[in-house]
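Summary of structural features
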Amino acid sequence: MAFEPLKLSSRGDAALTIDKFYRLRVSATALRELAMTQFTPVVVSVDVENKRVGLVKQDLAKVPNATTVRPDKRGYLGVKAGKMVADKLALSADDLPARFEHVGRVDEGAVFWNAFELVR
């Protein structure tokens with residue numbers, strides 16, 4: 001039997017998580033891939049039907065009537081965003097922590113959302 005090399009990632013996958021305290025966090029890999037810093041205004045959206053969370057930079061998308069949030073230096077988008085996402089997707093405290101993996105960009109008319117799908 002031949003040796004098969006393992007593909008180890010030092011940073012992990014691009015993902016979002018909601019922890020037990022309802023904090024919504026963007027992984028370091030996702031921050032790097034989406035070129036987001038703590039000064040980047042971000043719009044968070046929820047697709048209830050497909051159990052997805054969407055992120056887009058406000059300066060690129062110009063989403064009307066949207067509230068923006070800025071990630072802190074650790075990648076957290078805040079408790080309020082986490083609670084709103086959990087409420088929309090009907091995630092209880094027993095379902096947390098919840099992980100959303102990056103599935104790519106989704107075209108919603110004039111806005112290209114970076115979609116993150118709930119992992120069960």
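One can find the structure itself at the top, above this paragraph.
Along each chain, residues carry numbers from 1 onward, in the same order as the chain's sequence is written. Only residues with pLDDT of at least 70 are given local features in this predicted model, and only at 80 or more are side-chain atom pairs given and counted; all residues enter the totals for whole chains, interfaces and linings. Side-chain metrics in this entry use all non-hydrogen atoms of the structure; hydrogen atoms and water are not considered.

Now for the pattern of salt bridges. What makes a salt bridge here is a side-chain nitrogen of Lys or Arg within 4 Å of a carboxyl oxygen of Asp or Glu, nothing more. For the coordinates displayed, the defined rule picks out 4 salt bridges. With a closest N to O distance of 2.7 Å, Asp-19 and Arg-23 form a salt bridge. Remark: exposure states derive from per-residue accessible area (1.4 Å probe, protein chains only) relative to the maximum for the residue type, with buried under 20%, exposed over 50%, and partly exposed in between. The buried category is assigned to Asp-19, whose relative accessible area is 15%. Classification of Arg-23 as partly exposed rests on a relative accessible area of 27%. Of the charged contacts in the structure, one is a salt bridge between Arg-99 and Glu-101, with a shortest N-O distance of 4.0 Å.

On to the layout of surface pockets. By volume, the largest pocket is sized at about 390 Å³. Using a 1 Å grid laid over the protein atoms alone, points where a 1.4 Å probe fits but cannot get out form a cavity; open sets with protein on both sides within 12 Å along at least 5 of 7 lines form a pocket; any residue with an atom within 4 Å of a point counts as lining. Taken together, 15 residues form the lining of the largest pocket, with Val-44, Thr-67, Lys-80, Ala-81 and Met-84 sitting closest to its centre. Elements supplying a minimum of two residues to the lining of the largest pocket: β3 (42-47) and α3 (79-88). Strands here are runs of E lasting at least two residues and helices are runs of H or I lasting at least four, both read from the DSSP assignment and numbered beginning at the N terminus. Top contributing element to the lining of the largest pocket by residue count: α3, with 5 residues. Any residue outside Ala, Val, Leu, Ile, Met, Phe, Trp, Tyr, Cys, Pro, Asp, Glu, Lys and Arg is labelled polar, Gly included; the first ten of those are nonpolar and the last four are charged. Looking at the lining of the largest pocket residue by residue, the classes come out as 10 nonpolar, 3 polar and 2 charged. Grid points are joined across faces, edges and corners, and a volume is the space filled by probe spheres set on the points.

Turning to the sheet that holds strand β2 (residues 24-26), a few remarks are in order. In this scheme, strands are said to pair when DSSP sees at least two bridges between them. Pairing in this open sheet of 7 strands is antiparallel, and the strands run β3-β4-β7-β6-β1-β2-β5 from one edge to the other. The strands lining the two open edges of the sheet, one partner per strand, are β3 and β5 (76-78). The mean inter-strand angle of the sheet, taken between neighbouring strand axes irrespective of direction, is 30 degrees. Pairing geometry for strand β1 (residues 15-18) and strand β6 (residues 98-108), over 4 bridges, is antiparallel. Angular values range over 0 to 180 degrees, each being the angle between N-to-C directions of two axes fitted as lines to C-alpha atoms, with helices fitted over their stretch in contact.

A word on the nonpolar core. A general feature of soluble globular proteins is that nonpolar side chains tend to end up buried together. If you look at the biggest cluster of nonpolar residues, it comprises 23 residues, and the most contacted ones within it are Leu-16, Val-26, Leu-55 and Phe-100. Broken down by secondary-structure element, the contributors of at least two residues to this core are β1, β2, α1 (28-33), β4 (52-57), α3, β6 and β7 (111-118). In what follows, a contact means two residues having at least one pair of non-hydrogen atoms within 4.5 Å. When near neighbours in sequence (up to four residues on either side) are disregarded, Leu-55 contacts Leu-16, Val-26, Met-36, Val-42, Val-43, Val-44, Leu-77, Trp-113, Asn-114 and Phe-116. Grouping buried Ala, Val, Leu, Ile, Met, Phe, Trp, Tyr and Cys residues that are joined through side-chain atoms within 4.5 Å yields what is termed a nonpolar core. Formed by 5 residues, the second largest nonpolar core is a distinct cluster that contains Val-43, Val-56, Val-111 and Trp-113.

Further remarks concern the packing of aromatic side chains. The rule is short: rings of Phe, Tyr and Trp, with Trp giving its six-membered ring, pair when the centres are within 6.5 Å, and they are stacked under 30 degrees, edge-to-face over 60, tilted in between. For the structure shown, the criterion picks out 0 aromatic pairs. Only when the NZ of Lys or the CZ of Arg is both within 6 Å of the ring centre and within 35 degrees of the ring normal is a charge said to sit over the ring. Over the ring of Tyr-76 we find Arg-25, and its NZ or CZ is 5.8 Å from the ring centre.

Before going further, it helps to spend a moment on the side chain of Asn-114. Residue placement: Asn-114 occurs in strand β7. Aside from chain neighbours lying at most four places away, what touches Asn-114 is Leu-34, Val-53, Gly-54, Leu-55, His-102, Gly-104 and Arg-105.

This part takes up the pairing of β4. Burial analysis of β4 places 5 of its 6 residues in the buried class, which makes it a mostly covered element. In terms of strand pairing, β3 meets β4 through 6 bridges, oriented antiparallel. Within β4, the residue paired with Val-44 across the bridge is Leu-55. Connecting β3 to the next strand, β4, in antiparallel fashion are 4 residues, including Lys-51 with a positive phi near 55 degrees.

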